[in-house]
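Reading the structure
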Amino acid sequence: MPGILKIALKLLINDRSKFTALLVGITFAVFLMVMMTSMFSGILTRSSSSVYNIGAKIWVMDPAVNNATSSIPMPDYVLSAARSIKGVRYAVPLYFGTAQVKLKDGTYQATTVVGLDDATLYGRPELLEGNINDIYADNAFIVVKDAEYSKLGKPGVGNEFEINDHRGVVVGLAKVASSGLFGIPTIYTTYSRAITYIPSTRFTTSYILIEPKRENDIPAIQQEIGKLGYQALTRDQFVGKISDFYTFKTGMGMNILLMTTISFVVGLSISGQTFYTFILENLEKFGALKAIGARSNELIAMILFQASFTSLIGYGLGVGAASTFMILARLRMPDYAAQITFVILGFALLMVLVIASVSSYIGVRKVLQIQPFDIFRG
Amino acid sequence: MSGTAISAENLVKWFGEGEARTVAVRDASFAAEYGQILYIVGPSGSGKTTLLSMVSGILKPNSGSVIVEGEDIWGMSEDRIARIRLNKIGFVFQDYHLFPRLTTAENVAVPLILKKMNWNQALNVALEYLDIVGLKERAQLPPYKLSGGEQQRVAIARAIAGQPDILIFDEPTASLDGDTGRKIIEFVKAKILDEKRCIIIVTHDSRIYEYADTIMKMEDGKIIGFEKNHAHEK
Ligand SMILES: Nc1ncnc2c1ncn2[C@@H]1O[C@H](COP(=O)(O)OP(=O)(O)OP(=O)(O)O)[C@@H](O)[C@H]1O
Ligand SMILES: [Mg+2]
């Protein structure tokens, strides 16, 4: 390390109380920003869990659908039309609805019911127990073993329950990639059973899932579906649409944005303020350095180094604190929805660099203004 | 070596504009010689610090020129002037201006580090200079643990560590009691001054006049006379 930066470092960290205050400010800001955005990101992922779990390449839906659980049923001709589009390998219906399940103890539990196409079982989950073909047996259902599983009374294979006065038998337990946002269990059955067991409107197809022949066919398929007055979205587009809905059309996005901004402002003011006092206190010394013969860019380098050093350490501490917090939270609540993504890490880093730049900008301005002559005059 | 270290020609400096303008230095010319201690004395506000700042390259005059070892410094870029200050001029300020967060040795090493000497080497050289000012055993202490006189000696060690030819002291004894002040200047004269060095001292302190070779008197921004200390001329 160049000696001048070593001096800068010593000036900074030997001032224990200010250095601590700086670190606390930045760590706190990073911690809050990472927590807020991670929670939001966790919630967004959960809100699209069905889309991830079912895993189809293309989802066809009514354009007004903005969230996987509130589907709008489509007439059957859409399915036939979809099947005849060039580039479609196959197109299958998916039922997606909610029903009240009556448990053995007589209580009711709202449950998401997914009805898979009878012929292909396209979108089937991975089974932990049981055989997928048993889904064709009488009254057969597969229960998803996620965080909400216990709400159904932890049924095993062979257990029974009631669903809209029909008998239901558990024939398998399934594993899914992501649990849902709404805290209700999920069960799978066939499309035909779902629509007979659950009272439905005139139309019964919640979504049409399409497997294209080649990736390149996707745009053409989307266009053709569009001509029918419906919307065909790739998995990522659908997830994006759901995220946009939660981010922009509900209070959630705004609140998170607000909290993140507040954390940022608080962090910026604590550390900006402390850094500013630090510079002010050392101003005469910087002036003396100038008089002795330090060039402006050397002084700038010192300040930038001090600001970025503090910021990066604070960043590390903040991210560490947030991860620790999440790990601890998850130990107590397996269902805790928060995830740190690279985007979040990058975003927090960016914000920290903004804090560092603002602080050093103020510091640099002060230090460049100071005249060695003023030091001389005392 | 003898000859002129610094010469000032017709220096003028004023502050403010219009009604508020105060002329701090009017048409000052003088030369400082190697091997000599030049005092600048005069009442408060007479322009001593202003003049000293112009000749040492930290305050740009409104007119006139300053020649340091043959070069007109005020025609140079700011960075080049900074380099001249670093390489040729050592400063001792009235309030020492030592870094409280660095050790005494690190403080002395600062000009060497600015000269890009590596850290360990700079600290070793700093120790040598602390030894010269008699504070080697204080090397690892922060300066605020030292007495005023000791701090001023650290400041002197810092000023000479880079081996500048010209030393500039502004009121070096003002914050010290009479005895300590005398000792510091006595020390400077005995140990720091040699025929390759020129020392300029601004002072109010008549108790230390006896150590000067030449005393330059200022009043109201003007140099009103020089007085040679004949006791030294042999
Ligand atoms: N930055 C400035 N702005 C305005 N006026 C100034 C400034 N610096 C110096 N002056 C004025 O210039 C004059 C000379 O000031 P200077 O500090 O050089 O005096 P001095 O002889 O060093 O005084 P002292 O013995 O009190 O240190 C004073 O009248 C002072 O008020
Ligand atoms: Mg003065």
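These numbers were taken from a predicted model, which means no experiment stands behind them.

Cut-offs applied
Residues numbered from 1 in each chain as written. Chains lettered and ligands numbered in written order. Predicted model: local features only at pLDDT ≥ 70, side-chain atom pairs only at ≥ 80, totals over all residues. Heavy atoms only, no water. Core = buried A, V, L, I, M, F, W, Y, C linked by side-chain atoms within 4.5 Å. Buried < 20%, exposed > 50% of the residue type's maximum accessible area, 1.4 Å probe, protein only. Helix = DSSP H or I, 4+ residues; strand = E, 2+ residues; numbered from the N terminus. Contact = heavy atoms within 4.5 Å. Axes fitted to C-alpha atoms, helices over the stretch in contact; angles between N-to-C directions. Left-handed = near helix turned anticlockwise from the far one by under 90°. Nonpolar A, V, L, I, M, F, W, Y, C, P; charged D, E, K, R; others polar. Domains from an automatic or database assignment. Buried area = accessible area lost by both parts, 1.4 Å probe. Salt bridge = Lys/Arg side-chain N within 4 Å of Asp/Glu carboxyl O. Parallel < 35°, antiparallel > 145°, perpendicular 65-115°, else oblique. Near = heavy atom within 4 Å. Polar contact = N/O pair within 3.5 Å; in protein donor to acceptor, adjacent residues only side chain to side chain.

Thoughts on the nonpolar core
- If you look at the biggest cluster of nonpolar residues, it comprises 113 residues, and the most contacted ones within it are Tyr39 and Leu51 of chain B.
- Counting residues per element, this core draws most heavily on helix α8 (residues 251-292) of chain A, which supplies nine residues.
- With near-sequence residues (within four places) excluded, Tyr39 of chain B lies in contact with Ile185, Ile201, Thr203, Ile208, Tyr209, Tyr211, Ala212, Thr214, Ile215 and Met216 of chain B.
- Leu121, Ile135, Ala174 and Ile242 of chain A belong to the second largest nonpolar core, which has 35 residues in total.

Some thoughts on the packing of helix α1 (residues 3-13) of chain A against helix α3 (residues 104-114) of chain B
- At a minimum axis separation of 9 Å, α1 of chain A and α3 of chain B run at an interaxial angle of 145 degrees. Note on packing geometry: the crossing formed by α1 of chain A with α3 of chain B is left-handed. Contacts between α1 of chain A and α3 of chain B involve Gly3, Ile4, Ile7 and Lys10 of chain A from the former and Glu106, Val110, Ile113 and Leu114 of chain B from the latter.
- A breakdown of the residues in the contact of α1 of chain A with α3 of chain B according to their chemical character gives five nonpolar, one polar and two charged.

Description of the domain arrangement of chain A
Residues and elements named next belong to chain A.
- Taken domain by domain, chain A holds domain 1 (3-46 + 251-377) and domain 2 (75-229).
- Each of domain 1 and domain 2 has a C-alpha centre, and these two points are 49 Å apart.
- Counting from both sides, the interface comprises four residues of domain 1 and, opposite them, six residues of domain 2.
- Overall, the association of domain 1 and domain 2 removes approximately 410 Å² of surface from exposure, summing both partners, and the carbon and sulfur fraction of that is 52%.
- When the area that domain 1 buries against domain 2 is broken down by residue, the three leading residues are Ile43, Arg46 and Asp335, summing to 86%.
- Connecting domain 1 to domain 2 are zero salt bridges.

Considering the packing of α8 of chain A against helix α10 (residues 342-369) of chain A
All names here are of chain A.
- Closest axis-to-axis distance for the α8/α10 pair is 8 Å, and the angle between their directions is 30 degrees. It follows that α8 is roughly parallel to α10 by the angle criterion. Both α8 and α10 take part in a crossing whose hand is right-handed.
- Looking at the contact of α8 with α10, its residues break down into 16 nonpolar, eight polar and two charged.

Comments concerning the site of ligand 1
- Taken together, 15 residues are adjacent to ligand 1, and Ser44, Gly45, Lys48, Thr49 and Thr50 of chain B come closest.
- Ligand 1 is flanked by residues contributed from chains A and B.
- In the environment of ligand 1, an oxygen atom lies 2.8 Å from a nitrogen or oxygen atom belonging to the side chain of Thr49 of chain B.
- At the level of elements, α11 (372-377) of chain A together with β2 (22-33) and α1 (48-55) of chain B are the ones that each hand at least two residues to the shell around ligand 1.
- In terms of residues, the shell around ligand 1 owes the most to one element, α1 of chain B, which gives three residues.

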